[in-house]
Amino acid sequence: MFSMTNGWDGSGVLPAVELALEQINDRTDLLAGYNLKLLWNDSQCVAGKAPRILFDHILNEPTKLIILGAACSPNTQAVAVAAHYWNLLTVSYSSTSSALSNRVKYPYFYRTVPLENTIHNPPKVWFMKTYGWKKVAIIYENDEVFQKVRDSRTSAEDLMSRIAEINGTVVTEIVDNEAKNQVENLKVRIFKPQAYVRKQRSSSKYDITFSQAYRVGLYGPGVFWTTPGWYEAQWWRIGDGKMACNVEELTEVVERSLIIGTDVAPISSLNKLTVAGITPSEFSAILKNRIATWPRYRNVTHNNYMAYAFDAMWAIGLMLNKTSARLEERAFSGSGKKLENFTYNDSDLGKMFFKEMAETNFFGASVSAAVYD
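Residues numbered from 1 in each chain as written. Predicted model: local features only at pLDDT ≥ 70, side-chain atom pairs only at ≥ 80, totals over all residues. Heavy atoms only, no water.

As named in an unreviewed UniProt entry, the protein is Gamma-aminobutyric acid type B receptor subunit 1, taken from Holothuria leucospilota. Under the heading Subcellular location (unreviewed entry), UniProt records this for the protein: "Postsynaptic cell membrane". (UniProt positions renumbered as here; feature names shortened; annotations may be inferred.)

With that settled, the discussion passes to the packing of aromatic side chains. Both the distance between ring centres and the angle between the ring planes are used here to describe each pair of aromatic rings. Taken as a whole and judged by the stated rule, the model has 13 aromatic pairs. A centroid spacing of 5.8 Å and a plane angle of 40 degrees characterise the contact between Phe2 and Trp40, whose relative ring orientation is tilted. Taken together, the positions of Phe2 in the segment before α1 (13–26) and Trp40 in the loop between α1 and α2 (49–59) put the pair 38 residues apart, joining distant regions of the chain. Residue Phe2 is classed as buried on the basis of its relative accessible area of 0%. Seen in terms of ring centroids, Phe342 and Tyr344 are 6.1 Å apart; in terms of plane orientation they differ by 90 degrees. Their pairing is edge-to-face. The exposure classification of Phe342 matches that of Tyr344, with both residues buried. Ring pairing ties together the aromatic residues Trp126, Phe127, Tyr131 and Trp133, which thus form one cluster. Seen from the ring of Phe363, Lys272 lies directly overhead, with NZ or CZ sitting 4.7 Å from the centre. (Phe/Tyr/Trp six-rings, centres within 6.5 Å; stacked < 30°, edge-to-face > 60°. Helix = DSSP H or I, 4+ residues; strand = E, 2+ residues; numbered from the N terminus. Buried < 20%, exposed > 50% of the residue type's maximum accessible area, 1.4 Å probe, protein only. Lys NZ or Arg CZ within 6 Å of the ring centre and 35° of its normal.)

The next point concerns the packing of helix α11 (residues 306–331) against helix α12 (residues 347–358). Where α11 contacts α12, the axes come no closer than 9 Å and their chain directions differ by 125 degrees. The pairing of α11 with α12 is recorded here as oblique in orientation. Both α11 and α12 take part in a crossing whose hand is right-handed. Here Ala315, Ile316, Met319, Leu320, Lys322, Thr323, Arg326, Leu327 and Arg330 of α11 lie close against α12, whose contacting residues are Asp348, Leu349, Met352, Phe353, Lys355, Glu356 and Met357. Grouping the amino acids of the contact of α11 with α12 by side-chain chemistry returns nine nonpolar, one polar and six charged. (Axes fitted to C-alpha atoms, helices over the stretch in contact; angles between N-to-C directions. Parallel < 35°, antiparallel > 145°, perpendicular 65-115°, else oblique. Left-handed = near helix turned anticlockwise from the far one by under 90°. Contact = heavy atoms within 4.5 Å. Nonpolar A, V, L, I, M, F, W, Y, C, P; charged D, E, K, R; others polar.)

Moving on: the sheet that holds strand β2 (residues 89–92). One open sheet holds the three strands; their spatial order is β1-β2-β3, and the pairing between them is parallel. Two strands bound the open sheet, and with one partner strand each, they are β1 (66–68) and β3 (109–111). With strand direction ignored, the average angle separating the axes of adjacent strands in the sheet is 20 degrees. Packed on one face of the sheet, helix α3 (residues 73–83) meets β1, β2 and β3 and runs near 160 degrees to β2. (Pairing = 2+ DSSP bridges.)

Evaluation of the coordinates by the stated rule reveals ten salt bridges. Note that Arg296 and Glu18 form a salt bridge whose closest N and O atoms lie 2.4 Å from each other. Residue Arg296 is found in the loop between α10 (280–293) and α11, and its partner Glu18 is found in helix α1; the two are separated by 278 residues along the sequence. When its relative accessible area of 53% is taken as the criterion, Arg296 is described as exposed. A cluster of three or more residues bridged by salt bridges with shared partners is formed by Arg330, Lys337, Asp346 and Asp348. (Salt bridge = Lys/Arg side-chain N within 4 Å of Asp/Glu carboxyl O.)

Moving on, we get to the environment of Pro122. Along the chain, Pro122 falls in helix α4 (residues 116–131). Aside from chain neighbours lying at most four places away, what touches Pro122 is Asn117 and Arg162.

What follows deals with the confidence of the model for the protein. Per-residue confidence for the protein gives a mean pLDDT of 82; residues scoring 70 or more make up 80%. Residue range residues 148–153 is modelled with pLDDT below 50. Its contacts to residues more than four positions away, or to other chains, number 17 contacts. Contacts for the low-pLDDT stretch residues 193–203, under 50 throughout, to residues beyond four places or in other chains number 54 contacts. (pLDDT = per-residue confidence, 0-100.)

One turn of the α-helix equals 3.6 residues, which is why residues spaced by three or four share an orientation. The terminal C-alpha atoms of α12, which comprises twelve residues, lie 16 Å apart, in line with the 16 Å expected from a rise of 1.5 Å per residue. Every buried residue of α12 is accounted for by Leu349, Gly350, Met352, Phe353, Glu356 and Met357. An end-on view of α12 places all buried positions within 160 degrees of arc, on one side of the element. Structurally, α12 contributes buried residues whose contacts are with β1, β2, β3 and α11. Capping the start of α12, Asp346 holds a side-chain oxygen 3.2 Å from the backbone nitrogen of Asp348, two or three residues further along. (Expected span 1.5 Å × (residues − 1). Arc of directions from axis to C-beta. Polar contact = N/O pair within 3.5 Å; in protein donor to acceptor, adjacent residues only side chain to side chain.)

Shown next as structure tokens:
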């Protein structure tokens, strides 16, 4: 599942995954006798759309072995919470929410992208320590993904622990349909808004927060905002025109304040061969060429998660190869089961997929050489 339109333009992951698939199928030492195929859909970063896509895949032939995706964390949560009932692993390349680390709720979930706290928290603490700032405010949307900023040990407590080491403090506020009291209550200079920027701007909690900041004067040279780096360029100018405040007001807040976006590193900086037999920089060059010259990729745009998607596809290929080898070993003891015999009721193969994925480690094009659970 990719996000090609609407909520987040993650179209760049498609050529990355197809490149990995092409390389895996060309290898004679991987999955001999098999040819992996990709069936993909645009989940559009809409949580309600992702489970429908999942159920369509389950109800329609052919039988799927793995779910690759989804893109945004709410989509992935909606898929991973259900997919394991059909013994399907979910492997995401861009869902960083710490909520997905709940093994009880998402028992068959893996990802090739680091968790949000390892991406976003260290830069915030560096700025606080460097400039002597002592207090930071987290303003988050009333959504499970962002509630974990406050509640999850792997996110908020990690940030609070890091800030406590420099004798700082963290305050939090929830934004729902209005933000007047929340913003006015924050007597700080450093803000960390956590919300999705929606094209239906009347419901965008980001607009609500920034418009209230404009009204109470919480912007300017003395105010520092830190945001997720995966928002679209000039996000405050994009939408359906039904904004909480006008573009000029949002622009004044954005352009007169210090705003830093944090995101994953796009590729590994190491100049060594990946599992695919190419270096990360060669991977990047191949993709740039294909996106620029291949007609089918005419509307594709680059993003920072292309290498993670490439590695996710490779992780799936390596896992299936190891599982196939184990099934061949079983054949000597009388079991004739093969990968193509998998059904959605096959908990035995589902558990094998899970175990082999947990033990899959390799050097890929992204900064990670392992699969995260």
